[in-house]
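# Chain and residue survey
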Amino acid sequence: MFADVVLSEYSRNIDRILTYIVPDGINDIKIGTKVLVPVNRSTVEGYVINLSEKTDVPIDKVKPIADVVDDIVLFDDKLLDLAFWMKDYYKCNISESLQCIIPSGTKSGIKKVKTVKLNNSFVDDCKVTQRQLEIINYLKKNDLVALSDLVKDLNVSYSTVNGLVKKRILSVDYEEINRFKATDCNRTKKHIPTKEQEQVINEIKKIIGKSIFEKYLLFGVTGSGKTEVYLQLIEKCIELGKEAIVLVPEISLTPQTIERFVSRFGNLVAVLHSGLSDGERFDEWRKIVNGDVKIVVGVRNAVFAPFSNLGLIIIDEEHENTYKQSDFKPKYNVKEVAEKRCEIEKAVLLLGSATPQVETYYKALNNEYKLLRLKNRIGISLPEVEIVNMSHELADGNNSIFSRKLYYEIKKNLIKGEQTILFLNRRGFSSFVVCRDCGYVPECPNCDISLTYHADDGKLKCHYCGYNIDTVRTCPKCGSKRIRYLGIGTERVEKEVKRLFPKSRVLRMDIDTTKTKGAHEKIFNEFRSGNADILIGTQMISKGFDIPNVTLVGVILADITLNIPDFRSGERTFQLLTQVAGRAGRGEKPGRVIIQTYEDDNYSIIAAKNQDYEAFFNEEIHYRETYMYPPFTHLLNILISGPDKNNVISSAALVHNLIIKTINKNEIKSYNKVLGPSSAPIERIKNNYRWQIIVKSVERSVLEDICDALNSHNFMKGIKLSYDLDPLNLI
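If you're wondering where the values come from, they're calculated on a predicted model, not measured in any experiment. (Residues numbered from 1 in each chain as written. Predicted model: local features only at pLDDT ≥ 70, side-chain atom pairs only at ≥ 80, totals over all residues. Heavy atoms only, no water.)

### Quick look at the packing of helix H6 (residues 195-208) against helix H7 (residues 226-239)
Packed helix pairs are specified by the crossing angle of their axes together with the interaxial distance, meaning the distance between the axes. The condition is simple: Throughout, an axis means a line fitted to C-alpha atoms (over the contacting stretch in the case of helices), and angles, computed between N-to-C directions, take values from 0 to 180 degrees. Starting at the N terminus, helices and strands are each numbered in turn, a helix being any DSSP run of H or I of at least four residues and a strand any DSSP run of E of at least two. Each angle receives one of four descriptions, namely roughly parallel if under 35 degrees, roughly antiparallel if over 145, roughly perpendicular if within 65 to 115, and oblique otherwise. Left-handed describes a crossing whose near helix is turned anticlockwise from the far helix by less than a right angle; the clockwise case is right-handed. Throughout, a residue-residue contact means that at least one pair of heavy atoms, one from each residue, lies within 4.5 Å. For this classification, the nonpolar set comprises Ala, Val, Leu, Ile, Met, Phe, Trp, Tyr, Cys and Pro, the charged set comprises Asp, Glu, Lys and Arg, and every other residue, Gly included, is treated as polar.
Taken N-terminus to C-terminus, the directions of H6 and H7 make an angle of 30°; their axes are 10 Å apart at the nearest point. The angle between the axes of H6 and H7 places the two elements in the roughly parallel class. When the axes of H6 and H7 are compared, the crossing they make is right-handed. Judged by residue contacts, Gln 197, Val 200, Ile 201, Ile 204, Lys 205 and Ile 208 of H6 engage Glu 228, Val 229, Gln 232, Leu 233, Lys 236 and Cys 237 from H7. Grouping the constituent residues of the contact of H6 with H7 by class yields seven nonpolar, two polar and three charged.

### Description of the pairing of strand E26 (residues 550-555)
Put simply, the test is: Remark: exposure states derive from per-residue accessible area (1.4 Å probe, protein chains only) relative to the maximum for the residue type, with buried under 20%, exposed over 50%, and partly exposed in between. The pairing criterion is simple: DSSP has to find at least two bridges between the two strands.
Most of E26 is tucked away, with six of its six residues classed as buried. By the bridge criterion, four bridges tie E26 to strand E27 (residues 592-597) in an arrangement that is parallel. Its bridge partner being in E27, Gly 554 is matched across the sheet by Ile 594.

### Examining the environment of Cys 444
Examined against the element boundaries, Cys 444 turns out to sit in the loop between strand E19 (432-435) and strand E20 (452-454). Taking the C-alpha atoms as reference points, Cys 444 and Pro 38, 406 residues apart in sequence, are found 46 Å from one another. Contacts of Cys 444, omitting those with residues within four sequence positions, involve Ile 449, Leu 451, Cys 462, Cys 465, Tyr 467 and Arg 684.

### Notes on the side chain of Gln 232
Spelled out, the test is: As used in this structure description, the phrase polar contact means that two N or O atoms lie within 3.5 Å; if the pair is within protein, one of them must be able to donate a hydrogen and the other to accept it, and residues adjacent in sequence are counted only when both atoms belong to side chains.
Among the structural elements, Gln 232 can be located in helix H7. A polar contact of 2.9 Å, which involves the side chain of Gln 232, links it to the side chain of Glu 228. Look past the residues within four positions of Gln 232 in its chain and what remains in contact with it is Lys 190, His 191, Pro 193, Ile 201 and Lys 205.

That's the geometry; what it means functionally is another story.
Structure (structure tokens):
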């Protein structure tokens with residue numbers, strides 16, 4: 001027998017499928033098995049992707065497989081088909097796409113612990129010591145327990161336990177344990193759906209039962225009950241013997257999402273996200289493979305959960321940028337991958353959002369998705385939203401980061417015992433530090449960006465490379481002590497809140513406060529349980545927080561996302577403002593939202609105030625069509641980087657010539673436009689200079705041809721080239 005193997009080392013130089021003989025001594029080999037194979041003079045790991053009785057490779061050129069690493073089957077035929085599709089669609093190596101599918105943590109293996117229990121032959125009249133009797137009574141109540149837990153709970157010695165083992169009163173064994181422990185929560189029953197919900201549920205239920213591929217966009221305002229729709233559709237999946245995947249955009253949403261699903265479905269739920277250890281992820285993956293669970297809740301990579309009878313994939317908050325993998329290859333969009341997987345497995349794809357991505361809504365209007373709507377909040381009205389122009393505040397002598405209106409509303413909430421969320425999409429204390437005498441601004445020596453001041457530890461930090469120094473008290477350029485901190489971040493908001501409202505209980509949720517494991521869940525639970533009056537945070541708090549006592553949301557500065565040099569900045573601003581406004585008034589008490597801005601006439605901000613997606617979309621789609629941005633074109637973002645600026649610039653010119661040559665060779669004469677080469681918005685990061693070229697084309701195939709041309713070209717030493725097809729971020 002012959003095996004086709006993909007090497008796990010992903011380099012374009014070895015991106016090919018190699019054929020090996022399966023030796024007689026190896027009988028347990030399957031597609032998806034990890035093996036050791038000889039390559040040149042070394043032995044490397046690879047994955048079996050095909051088994052056959054014949055090969056076209058000359059037999060004298062075929063080497064034998066060295067060994068099988070373990071008996072774990074890492075992927076099936078359907079996931080393998082998905083990996084090959086990703087290879088072609090995102091222009092990556094097959095080994096790179098397989099790495100997305102293969103579970104991390106396989107090296108952790110199965111964890112077993114020593115357990116003890118009473119033997120069946122045990123009789124009450126046997127002679128034991130008082131301490132041993134305590135152990136016996138404990139085990140009568142608890143049956144099988146971990147030995148370490150027994151010793152800890154009863155404060156007994158191991159020798160006391162061993163005495164009972166020698167008397168054959170207890171037996172010791174090793175039991176497999178799951179390293180991830182989901183939060184215990186009370187079971188809940190399904191709600192009676194509203195008429196709107198019932199229409200949506202019935203529409204999709206019909207398709208789930210037919211085992212055909214279909215895709216939907218559920219466009220529902222905040223608080224309209226999208227999660228209950230998800231729960232009832234999953235219940236239908238389970239009734240039909242099928243499985244479901246639920247994706248959320250980031251880890252901060254998983255605690256409350258897991259709780260909603262575990263409270264309804266108990267131990268049928270597995271969890272997959274990067275906050276788990278390798279061992280925990282492996283244990284959850286095995287539960288899925290073994291058929292112990294029917295539902296997976298997780299972030300982006302959970303789309304590859306190894307279900308064998310998939311019926312439904314739900315992508316909640318589908319508009320979020322985090323659904324795009326932009327850090328390393330393959331730079332995939334989870335919505336596209338989920339769509340392809342549902343097509344392969346004849347399953348249903350459901351995208352949900354209160355603020356759909358412009359491209360998604362455009363496709364729905366053009367019948368590429370079936371559009372379903374939830375127009376009304378359940379039992380509550382949308383919050384009252386007010387815009388405050390901060391230029392007028394300054395003109396009236398108010399230099400505070402809080403407008404007089406927001407200050408008054410926070411104070412009123414504290415008196416009434418109601419909770420407040422304050423949103424600012426920038427962490428740190430101040431955006432930068434400046435000398436008031438000579439204008440000196442401390443900058444990162446490795447990146448072309450100013451350092452951000454963090455008051456918590458008195459450091460100036462670079463948010464790109466991690467470089468940090470003690471804060472500047474005296475200007476190193478002119479010796480002045482007139483140092484000023486400009487701009488605001490979540491730390492400064494926290495300090496101001498504590499100064500203005502010293503009796504308030506304040507929490508902050510941003511990257512700096514959620515570095516440790518379980519930090520998201522801890523902060524969320526503290527706030528939900530009423531142990532804090534005010535929660536300050538970045539975009540982590542803009543969605544998923546369903547807390548009835550939150551009646552006020554304050555947006556400290558809406559302009560931060562609006563002024564980012566990216567064609568999506570207006571859309572991103574509208575989405576964030578609408579989502580964070582939706583956190584207010586989710587209980588019986590009415591909600592209020594204060595949006596502070598210097599651009600109160602901007603269409604994104606006005607549409608967010610009015611909670612009017614249609615008005616925003618109509619304005620935004622006009623700009624997109626005028627300037628030929630998605631959904632009217634596809635984009636290719638190419639980044640050329642290296643330590644030598646001149647080499648980067650000359651390589652960027654070479655890339656530009658390759659692009660023009662490829663476009664001219666292509667028979668498709670549709671709209672194509674090349675922007676650049678030019679320096680990236682941040683030209684230098686980690687001592688690497690960065691130049692950028694953006695290509696727009698109506699035909700994605702033109703951009704794919706450009707990627708192929710770039711992949712086949714060898715650039716000078718030290719030059720790195722990366723590209724992103726259909727990027728969600730151009731910075």
